[in-house]
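Fold and contact review
What follows is the residue order along each chain.
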Amino acid sequence: MVKEITVASVTCCRCLITAVLVAVTLSLALMAQEAPGSSRGINIHEYGAKCDGTSDDTQSIQRAINAAVASGARLLLPAGTCIISPPGAGYIFKIGPKLHVEGEGMELSVLKVRNHAGNFTVIFGSFGATNDNLEFRDFTIDYNTTNNPAAALGHGRLAVGTGSNSRAMTWDHVVVRDIASINVIYSGSQYSQVTNCRFELNTSGTIYHDHSTIYMASEHVMIVNNVFVGGINAPGAVTAIETHGGRQIITGNIIDGYLVGMNVTGVAASDSEGIVVNSNSVINGYYGITIWSNNYRSHTGGYGITNATISGNVIRLVQTAWTTNAVTGAPTIGNASGITINPTANLPIKTLLIAGNTIEYDLELLSTASFSGASEMGIGYWDSTNSNGAFNVRIDGNVVINAPASAIRWAPGGGDNIEISDNMIVNAGSAANPGLISSFRSAVMVSAASAISHIAVLRNNIIANSAVGGMAYGIEVLGDSCELADGNSVSASEGPKSGYLQYIHTSAGKCATAVHGVQLTPPLKSSMLPRIGVAPGSLISDAASGTNWFYNGTSWTSPR
């Protein structure tokens, strides 16, 4: 049976629909009027902050922070400039766990330190405290150092710092600008991450001081896709990233105008394992990436660095432009380096891969340019203690251009299983200063205080084509290293200032070096062949004449 539909029934349906729509509208309106602390977050305007660029909003923001920490709601920073000021030299804001600070966008929501406010210790005051689950997103911190210069940096002027027992801190899409500080982010929190942020140093100050923009003293860290802007010779433009601990990923960052791009360290309470430093750019620097492997408190055994990968980074050193040490104000000391292990390392290193990096120096044209020789290198390790070891190290597929001294140098106190392979080296030993001795004008230099049982220098392409300075040796083997030099090619077509001496230079030791390779240019003369420390059966091909030179155990022969 078909039920009759009347006009009255249709009207009732319309009334019901209308009532539902009205109820939904009222519900949404009530949600929009919820008290502070609702799931939508706490807006600092609700606590009196004006963010008009002139009013001091410090106390209002502190009240909003207190409410956010108590309720677990997000702290919302509206668009505008909120003026903040330190109470004396202490914390600007005291915070607690689970504080989530969120703005409306980078460069839109701004926290700006008041003019002539004086020093402060931390903006978000968690330094030394245990505060878990902190988040900071989508806003700007303006240190306003231009109008609040530091008379001294006894106080850190940090943006935030967390204690060593904390967990989980996130910075994402935050701009920090006009910085003069010891650190910006100091984190002892495991599972910290700093992503998509921009840090801009004040470069007009006059106080030289140490500085690391990001200082991570924890494990499970991600530092990804950030931009760091400093200034050549600027006081305090020291280090962009410094890490202490393992299981860290540092990738996609751009570092411009810092004395040191990164300090990647094994200075921690236990072995620092599983560090990945990949696809970063360090430009306008003096040092690229420095690896520390040192003891720390009770951590005096085992390894400092283990299972680390440094790969795909681009490092552009302008060592001739850096005339002043950003920490001390003293002249720079002439040991600009690309990727190196700290020479005072005192814990051994195990399983280190340095691969696919590009390092380029300024070409040093002045005969008076400073140098230190021993610790100046594109990639490598010079152990000043002659006692520290390195095991299972591979230096592979890198490009090193215009290294003033050695392009790749491996000189630990000892170790085993070292491979230097498939690297392209252009103009090693290029320093114009005639005081740089021949030993430090090598493309690849290997030496050790004690024997390295297995070391191979394989398939490296060595080119010297500059009339400034000059490479002395393609490969140099000193001490008791047991080396295989196989498949390397050397082209030394330099100009009239060429100091080229030998394809390979060896010294007497416990092990003889097995040599197999080719010299492209210049034509190979008998004076260019090593006389001691060469294994019988070694062969060097002379591309210019098409002849081979064989070593029979006592002398080289070149049969026609």
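It should be noted that the structure appears before, not after, this text.
These figures come from a predicted structure and were not determined experimentally. Residues take numbers from 1 onward in each chain, read along the sequence in its written order. This being a predicted model, a pLDDT of at least 70 is required before a residue's local features are given, and a value of 80 or more before pairs of side-chain atoms are given or counted; all residues contribute to the totals for chains, interfaces and linings. For side-chain calculations, the full set of non-hydrogen atoms in the structure is used, while hydrogens and water are omitted.

The grouping of Met-222, Ile-249 and Val-276 at the surface amounts to a nonpolar patch, some 210 Å² of accessible area in total. To qualify as a helix, a DSSP run of H or I must reach at least 4 residues; to qualify as a strand, a run of E must reach at least 2; elements of each kind are numbered from the N terminus. Positionally, Val-276 belongs in strand S23 (residues 276–278). On the basis of relative accessibility, which here comes to 31%, the residue Val-276 falls in the partly exposed class. Patch members must show over 30% relative accessible area and no salt bridge, and they are joined within 9 Å when carrying like charges or within 5 Å when they are nonpolar side chains of Val, Leu, Ile, Met, Phe, Trp or Tyr. Exposure was quantified through the Shrake-Rupley algorithm and a 1.4 Å probe, taking into account, for residues, occlusion by the shown protein chains and nothing else. Salt bridge, as used here, is a side-chain nitrogen of Lys or Arg placed within 4 Å of a carboxyl oxygen of Asp or Glu. Classification of residues uses two cut-offs on accessible area relative to the type maximum, computed with a 1.4 Å probe and protein chains only: under 20% is buried, over 50% is exposed, and between them is partly exposed.

A word on helix H2 (residues 58–71). Given a helix with a known number of residues, its expected span is that number minus one, times 1.5 Å. Taking 1.5 Å per residue, 14 residues should reach 20 Å; H2 reaches 20 Å between its end C-alpha atoms and fits that length. The secondary structure elements touched by the buried residues of H2 are strand S1 (42–43), strand S2 (52–56), strand S3 (75–77), strand S4 (80–84), strand S5 (91–94) and strand S7 (109–113). Just downstream of H2 lies Gly-72, where phi reads positive at about 80°. A contact between two residues is defined here by any heavy atoms of the two lying within 4.5 Å.

Below, the discussion takes up the pairing of strand S40 (residues 473–477). Here S40 lies mainly inside the structure; five of its five residues are buried. DSSP bridges decide pairing: two strands pair if at least two such bridges lie between them. Two elements, strand S37 (residues 442–446) and S40, share four bridges in a ladder whose sense is parallel. Counterpart to Val-446 in the pairing with S40 is Val-477.

A pair can form between side chains of opposite charge whenever their charged atoms are brought close. All chains considered together, the criterion is met by 12 salt bridges. The partner of Glu-107 in a salt bridge is Arg-177, with the nearest N and O atoms 2.4 Å apart. Of this pair, Glu-107 sits in the loop between strand S6 (100–103) and S7 while Arg-177 sits in strand S11 (residues 167–179), and the two are 70 residues apart along the sequence. A residue is classified by how much of its surface remains accessible, and Glu-107, at 36% relative accessible area, is partly exposed. With relative accessibility at 21%, the residue Arg-177 sits in the partly exposed group. Across the pair Asp-422 and Arg-459 runs a salt bridge, and its minimum N-O distance is 2.8 Å. Of the two residues, Asp-422 is situated in the loop between strand S35 (414–421) and strand S36 (424–426) and Arg-459 in the loop between strand S38 (455–458) and strand S39 (461–464); the sequence distance between them amounts to 37 residues.

With that settled, consider the state of the cysteines. The disulfide definition used here is simple: a pair of cysteine sulfur atoms within 2.5 Å. This model, assessed by the stated rule, comprises one disulfide. Across a sulfur-sulfur distance of 2.1 Å, Cys-51 and Cys-82 are joined as a disulfide pair. Handedness here is read from the sign of the S-S torsion; for Cys-51 and Cys-82, about 85°, the answer is right-handed. Taken as a pair, Cys-51 in the loop between S1 and S2 and Cys-82 in strand S4 lie far apart in primary sequence, 31 residues in all. For the pair shown, Cys-51 and Cys-82 are each scored as buried. Cys-197 carries a free sulfur, and the closest cysteine sulfur to it, the one in Cys-82, is 18 Å from it.

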